[in-house]
Amino acid sequence: MGIEFNSDINSAAVSNNMFRTEKVSSLFDKLSNSLKISDEKDYSTEVDVSKSEERSKLKDYENSSERAQSAVNELSVANSALGEIRDNLFSVKNLLKSISDEEDDDQRKEKQKEIDKNIEDIDRIARETSFEDRKILDGSQEGKSYEVDSSTSYQTEKAYKDASSSSLGITSSDISTSENAEELSRQTDEAIEEVEARNAEISEAEEFFTKSINKNEVAAQNIVSAQSYTSSMSYDTAKILSEQVQEDIVGSSVSSLDVQANQSPNIAIDLL
């Protein structure tokens, strides 16, 4: 999986989701193996057919969960990157608040450099953030749709829109005049609101996919539990029937010997 990290925050977020991905895969491997182990208790073609159908369903749930988890991973990268952009916007906001008329030119120039650096960082993050070799905050993935299964899909609206400073509404970072500083402050406020709206949409999408994964896991576990119960019943039933047959055979043999024994004196009398 090709993922570029912009910071330790992104790295931690994706690492957590990679661990979740491995857990999902491990769970379905265990569930699939449970079906294979119970094969030893299958005694009829009907059970074999049922188990084949259940394995197919289990694979569908696994594929659905993997797609959902991949979506969560990608959304997490975008969310972390947008969080960094928001932090830079707040830094700009705080610098603007610190501006006063008593500042000399050198002080104003120093703040201008810091603001310019924040804007550059925002544009860099928007330009470089990627997931599986795809840029995801440069606008190329805007309106992306995820297909979880044949009947479930999810359409994003703002999550992957262009997150560059200009796309967020910041037209100039110049603070050489009070008017320019006030305009930048207004634009920064609007940009923060936009980024937070995108964060909210991503959180909603992550919750949707996480619920989908949990639902698939429960459904898969129910399949294995039900199949294991059915297999166990088949085995027990076969064992009982086998014991009954053995008892019938032994019983029949004993009855036959008793009949023969009872007939033997009569035969002797007839001979006499």
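Every chain is numbered on its own, with residues counted from 1 as its sequence reads. This being a predicted model, a pLDDT of at least 70 is required before a residue's local features are given, and a value of 80 or more before pairs of side-chain atoms are given or counted; all residues contribute to the totals for chains, interfaces and linings. As a rule here, side-chain values come from all non-hydrogen atoms in the structure, and water together with hydrogens is ignored.

### Details of helix 3 (residues 105–128)
No. 1: Put simply, DSSP H or I for four residues or longer makes a helix, DSSP E for two residues or longer makes a strand, and each gets a number counted from the N terminus. One less than the residue count of a helix, multiplied by 1.5 Å, gives the span that helix is expected to have. Compared with an ideal rise of 1.5 Å per residue, which puts 24 residues at 34 Å, helix 3 spans 34 Å between its outermost C-alpha atoms and is within 8% of the ideal.
No. 2: Here's how the labels work: a residue is buried when its accessible area is under 20% of the maximum for its type, exposed when over 50%, partly exposed in between, all with a 1.4 Å probe on protein chains only. Buried within helix 3 are the following residues: Arg108, Lys111, Gln112, Ile115, Asn118, Ile119, Asp121, Ile122, Ile125 and Ala126.

### Observations regarding the packing of aromatic side chains
No. 1: We call Phe, Tyr and Trp rings a pair once their centres come within 6.5 Å, taking the six-membered ring for Trp, and we label the pair stacked below 30 degrees between planes, edge-to-face above 60, and tilted otherwise. All told, the structure shown has 4 aromatic pairs when counted by the stated rule.
No. 2: Centroid distance Tyr154 to Phe208: 4.9 Å. Interplanar angle 40 degrees. Geometry classified as tilted. A residue pair is termed long-range when its members are at least 10 positions apart, and Tyr154 in strand 5 (residues 152–155) and Phe208 in helix 4 (residues 178–271) qualify at 54 residues.
No. 3: According to the relative accessible area criterion, Phe208 is partly exposed, its value standing at 28%.

### What to know about the environment of Ser140
No. 1: One can find Ser140 in the loop between strand 3 (134–135) and strand 4 (145–149).
No. 2: Between the C-alpha atom of Ser140 and that of Tyr160, which follows or precedes it by 20 residues, the distance is 7.8 Å.
No. 3: Polar contact criterion, stated in full: a pair of N or O atoms within 3.5 Å, where within protein one must be able to donate a hydrogen and the other to accept it, and residues adjacent in sequence count only if both atoms are side-chain atoms. At 3.2 Å, the side chain of Ser140 and the backbone oxygen of Lys135 are in polar contact.
No. 4: Side chain to side chain, Ser140 and Asp138 meet in a polar contact 2.6 Å long.

### A closer look at the nonpolar core
No. 1: Grouped together as the largest cluster of nonpolar side chains are 40 residues, with contacts concentrated most on Leu75, Ile85, Leu89, Leu96, Ile115 and Phe209.
No. 2: For this core, the secondary structure elements donating two or more residues are helix 2 (45–97), helix 3, strand 4 and helix 4.
No. 3: Looking at this core element by element, the count peaks at 13 residues for helix 2.
No. 4: Not counting chain neighbours up to four residues away, the residues in contact with Ile115 comprise Val92, Leu95, Leu96, Ser173, Ile175 and Leu184. Joining through side-chain atoms within 4.5 Å is the link that ties buried Ala, Val, Leu, Ile, Met, Phe, Trp, Tyr and Cys residues into a set, and such a set is a nonpolar core. Residues count as neighbours in contact if any of their non-hydrogen atoms are within 4.5 Å of one another.

### A closer look at the environment of Phe209
No. 1: Within the secondary structure, Phe209 sits in helix 4.
No. 2: The spatial distance from the C-alpha of Phe209 to the C-alpha of Tyr146 is 9.8 Å, given a sequence separation of 63 residues.

### Comments concerning the pairing of strand 4
No. 1: Sheet analysis places strand 4 next to strand 5, joined by 4 bridges and oriented antiparallel. When the sheet's bridge partners are listed, Tyr146 is paired in strand 5 with Tyr154.
No. 2: Two strands form a pair only when DSSP identifies at least two bridges running between them. Where strand 4 folds back on strand 5, the antiparallel hairpin that results is connected by 2 residues.

### Overview of the pattern of salt bridges
No. 1: Between Lys or Arg on one side and Asp or Glu on the other, a salt bridge is scored when a side-chain nitrogen of the former is within 4 Å of a carboxyl oxygen of the latter. One pass over the full model with this rule turns up 13 salt bridges.
No. 2: Its salt-bridge partner being Arg108, residue Glu103 comes within 3.3 Å of it at the nearest N-O pair. Take Glu103 and Arg108: they sit in the same class, and that class is buried.
No. 3: Two residues, Glu103 and Lys111, come together in a salt bridge whose shortest N-O distance is 2.2 Å.
No. 4: A single network of salt bridges, built from pairs that share partners, joins Glu74, Glu132, Arg134 and Lys144.

### Digging into the side chain of Ser212
No. 1: Tracing the chain through its elements places Ser212 in helix 4.
No. 2: Exposure remark for Ser212: the relative accessible area of 8% places this residue in the buried category.
No. 3: Setting aside chain neighbours within four positions, we find Ser212 in contact with Ser64, Ala68 and Val148.

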